[in-house]
Structures are given as structure tokens and as C-alpha cells.
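Inside the fold
Spelled out, the chains give:
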Amino acid sequence: MLFDLDWSILLGLFLASFSAGLIDSMVGGGGLIQIPALFGLLPGVNHATLLGTNKVSSVVGTTFAAGRYARVAKMPWNAVLPASLAALIGAFIGAYIVTQVSSQTLRLFLPVLLLLVAIYTFLKKDLGSIHAPKWGVKHERWLGAVIGLLIGLYDGFFGPGTGSFLMVAFVVLCGYDFLRATAGAKMVNIACNLASLAWFAPAGHVLLSLGLGMAVFNLLGAHVGTALAIRKGAGFIRKFLLAVVFVLICKTSYDSYWPLVSHSF
């Protein structure tokens, strides 16, 4: 598949993959770039296959980013481990559902949810600047499991903004700072990607050679992104998160509502 594509299509996919790795490694939202690129440049390929190929590329960059963050920030395993295990289940179920039903209903609600995230993050100026866990070990584990299951289900079924949702959930609900929340989000994201691949790959919904080629550029982007986030700190991550969520709102609003508006004329 990889060598059968025109060079201009490959260039577009590789550039999108690099950009996705860079953004996703800092605040999530890499799917905002990589998934539309796959759908736009390979319009004749089944949508489940494009989503499966996206997971091959994403899991490589996410794994690298998680390793980098783990070396500089203590991983909050109390919430992250149960969240990752629950995400395996949620993402596998979500990946199955997306091959069976349309995600159109979820598309309509997503921009509203993202807007609420943006408003809350903007109003809370000190959000994620201090690491102050809110719960004891037992409660933190249960909360992590709930976060992982729900967002894992969303990731397997649809996906855009998963890393951003995970980060905000760890900051707001658990009281983590942005650096630890980002590290934790990467670990859960790995679980989501692997669980989704566990469904997509055996079902034949993966273009392996293309996914591996894109993975190289996703990895390069993740290398640049993690270095920036670690060097700049929580304030930079918060601002970048707001920027990415704003773009996500615009993109998902257009994708969800413009077809309905244009159809009415």
C-alpha cells in the first residue's frame, strides 16, 4: 500500500503525522490532524480501515512521549494504572461499535463538550499549575478506572481530542498538575490505541505498511513536542491546550453542523 501511493499523497500524510505527533505529545488532539488527512487523501478506503491505520501511527508516538514524561515527572500510578486497564476494555468495545453503527450523533454533542472544557480551562487561570491530589488511594483508583473506561470507549468509537479530555480529567477530577496529567494521559492513550488495534487488526482494518511509515514521522513530532512541553512547563501546556481545543471546536462544529445547514438550503 505504501509504495502504491502517489508521492504527493505520501508527503501530505507524513507531514500530517509529524504535526499530529507534535501536538498530541503536548496536549492531545493529534487526531484533529491525522484522521482528517487520512480521510481526505484516501477517500476510497473504508473508514474503519483508516481509523485502524491511524492507531498504528499514533501508538508509536504516544509510547515515546509517555517514556519521556515518565523520566521527568513521577507517574501518578494510583489513577493511571486502573485508568489504563479500564481503557483497554472501553476502547475495544468502542472500536467494535464504530464498525457497526454511525458516529453521527456523537459528532453533534462533541463541539458542545469541547466548548465547556475550553471555558473551564480559560476561567481557571491556575489550572494544572500545582500538583495537589484530591483523593485517597482507594478513591483515586476507582476514579481513574471510571475515567479510563468512559474516555477509552470514546476513543475507540470516535477519537478526536482523547488526549485533551484525559489531561483535563486528571487535572480537574484528580488534582494533578499538567505535567503529571500529560504523562498519565499518554499511558492511558497507549492502552486505548492497543485495545483498538486488537479489534481493527484481526478484522483486517489496518494498512500496516502505511501505518508504520506514518509512525516514523509521528515519532519525530512526539520528540519535538515532549521536549517543548518539558522545557516550557505547565503555563505553556495550558495555553497550548486552549489553542488546540479552540481549533477542535471549530473543526468538529464544521464537520457536525455544516452538512445539516447546507442540506437545508
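The residue numbers shown here count from 1 along each chain, following its written sequence. Local features in a predicted model are, by the rule used here, given only for residues with pLDDT of at least 70; side-chain atom pairs are given and counted only at 80 or more, and totals for whole chains, interfaces and linings are based on all residues. Side-chain measures here rest on the full set of heavy atoms in the structure, leaving out hydrogens and waters.

Definition of nonpolar core: a set of buried residues of the types Ala, Val, Leu, Ile, Met, Phe, Trp, Tyr and Cys, connected through side-chain atoms within 4.5 Å. Buried, partly exposed and exposed residues are distinguished by accessible area as a fraction of the type maximum, computed with a 1.4 Å probe on protein chains only: under 20%, between the cut-offs, and over 50%, respectively. Judged by nonpolar contacts, the single largest core of 53 residues is most densely connected at Val27 and Phe170. Any two residues whose heavy atoms approach within 4.5 Å at even a single point are treated as in contact. Among residues more than four places away in sequence, those in contact with phenylalanine 170 are Ala79, Val80, Ala83, Ile147, Gly175, Tyr176, Ala181, Gly184, Ala185 and Val188. In this structure, Phe14, Ala16, Ala37 and Leu50 belong to the second largest nonpolar core, which totals twelve residues.

Looking now at the state of the cysteines. Note on disulfides: each one is a pair of cysteine sulfur atoms within 2.5 Å. One pass over the full model with this rule turns up zero disulfides. Left without a disulfide partner, cysteine 174 is nearest to the cysteine sulfur of cysteine 192, which lies 15 Å away. Taking the relative accessible area as the measure of exposure, cysteine 174 reaches 0% and is therefore buried.

The subject of this paragraph is the packing of aromatic side chains. By convention, a stacked pair of Phe, Tyr or Trp rings (six-membered ring in the case of Trp) has centres within 6.5 Å and planes under 30 degrees apart, an edge-to-face pair has planes over 60 apart, and any other such pair is tilted. The tally for this structure, following the rule as stated, stands at six aromatic pairs. Taken together, a centroid distance of 5.8 Å and an interplanar angle of 35° make the contact between phenylalanine 236 and phenylalanine 240 tilted. Within this pair, phenylalanine 236 and its partner phenylalanine 240 are both found in helix 10 (residues 234-264), separated by four residues, close to a single helical turn. Take phenylalanine 240: its relative accessible area is 22%, and that puts it in the partly exposed class. Every member of this aromatic cluster is reached through a ring pair, and the members are Phe92, Tyr96 and Trp199. Strands here are runs of E lasting at least two residues and helices are runs of H or I lasting at least four, both read from the DSSP assignment and numbered beginning at the N terminus.

To continue, consider the confidence of the model for the protein. Across the protein, the average pLDDT comes to 84, with 93% of residues at 70 or higher. The spread of mean pLDDT over the elements of the protein runs between helix 5 (residues 104-123), the lowest at 77, and helix 9 (residues 208-232), the highest at 91. By definition, pLDDT measures how confident the predictor is in each residue, and it falls between 0 and 100.

With that out of the way, let us pick up the pattern of salt bridges. Pairing between side chains of opposite charge can happen when their charged atoms approach one another. One speaks of a salt bridge when a side-chain nitrogen belonging to Lys or Arg is within 4 Å of a carboxyl oxygen belonging to Asp or Glu. Scanning the entire structure with this criterion turns up three salt bridges. The salt bridge involving lysine 186 is made with aspartate 24; its shortest N-O contact spans 3.6 Å. Placement of the pair is lysine 186 in helix 8 (residues 178-200) and aspartate 24 in helix 1 (residues 7-27), with a sequence separation of 162 residues. The two residues lysine 186 and aspartate 24 agree in class, both being buried. With a shortest N-O distance of 2.8 Å, arginine 180 and aspartate 177 are connected by a salt bridge. The exposure class of aspartate 177 is buried, given its relative accessible area of 12%.

A separate point is a nonpolar patch on the surface. The patches described consist of residues with a relative accessible area above 30% and no salt bridge, like charges being joined within 9 Å and nonpolar side chains (Val, Leu, Ile, Met, Phe, Trp, Tyr) within 5 Å. Only the protein chains shown count as cover for residues, with accessible areas throughout obtained via the Shrake-Rupley method and a probe of 1.4 Å. A cluster of nonpolar side chains, Trp77, Leu81, Leu85, Leu88, Ile89, Phe92, Ile93, Leu149, Leu153 and Leu194, forms an exposed patch at the surface whose accessible area comes to about 880 Å². The set of elements that each furnish at least two residues to the nonpolar patch consists of helix 4 (77-98) and helix 6 (137-157). For the nonpolar patch, the element with the most residues is helix 4, which contributes seven residues. Structurally, leucine 88 is set in helix 4.

By the element assignment, alanine 215 lies in helix 9. Judged by its relative accessible area of 4%, alanine 215 is buried. When the C-alpha positions of alanine 215 and alanine 191 are compared, they lie 17 Å apart, and in sequence the two are 24 residues distant. Beyond its immediate sequence surroundings of up to four residues, alanine 215 is in contact with Ser17, Val56, Ser57 and Val60.

Our next topic: helix 6. Look at helix 6: 30 Å from first C-alpha to last across 21 residues, which is about the 30 Å you get at 1.5 Å a residue. For helix 6, the complete set of buried residues consists of Glu140, Gly144, Ile147, Gly148, Ile151, Gly152, Tyr154, Asp155, Gly156 and Phe157. Each residue after the first adds 1.5 Å to the expected span of a helix.

Its location among the elements puts leucine 143 in helix 6. Along the chain, leucine 143 and proline 82 lie 61 residues apart, while their C-alpha atoms are 8.6 Å from each other. Among all residues touching leucine 143, those that are not within four sequence positions of it are Trp135, Leu173 and Cys174.

A few words on the packing of helix 2 (residues 31-41) against helix 3 (residues 47-72). Lines fitted to C-alpha atoms define the axes here, with helix axes fitted over just the stretch in contact, and angles between the N-to-C directions of these axes take values from 0 to 180 degrees. With their axes 10 Å apart at the nearest point, helix 2 and helix 3 run at an angle of 140° to one another. In terms of orientation, helix 2 lies oblique with respect to helix 3. As helix 2 packs across helix 3, the resulting crossing turns out to be right-handed. Residues Gln34, Ile35, Leu38 and Phe39 of helix 2 pack against His47, Leu50, Leu51, Asn54, Ser57 and Ser58 of helix 3. Under this grouping Gly is polar, as are all residues other than the nonpolar Ala, Val, Leu, Ile, Met, Phe, Trp, Tyr, Cys and Pro and the charged Asp, Glu, Lys and Arg. For the contact of helix 2 with helix 3, the residue count by class is five nonpolar, five polar and no charged. Angles are sorted into four bins: roughly parallel if under 35 degrees, roughly antiparallel if over 145, roughly perpendicular if 65 to 115, and oblique for all others. Handedness of each helix crossing follows the sense of rotation of the near helix against the far helix: counterclockwise by less than a right angle gives left-handed, clockwise gives right-handed.

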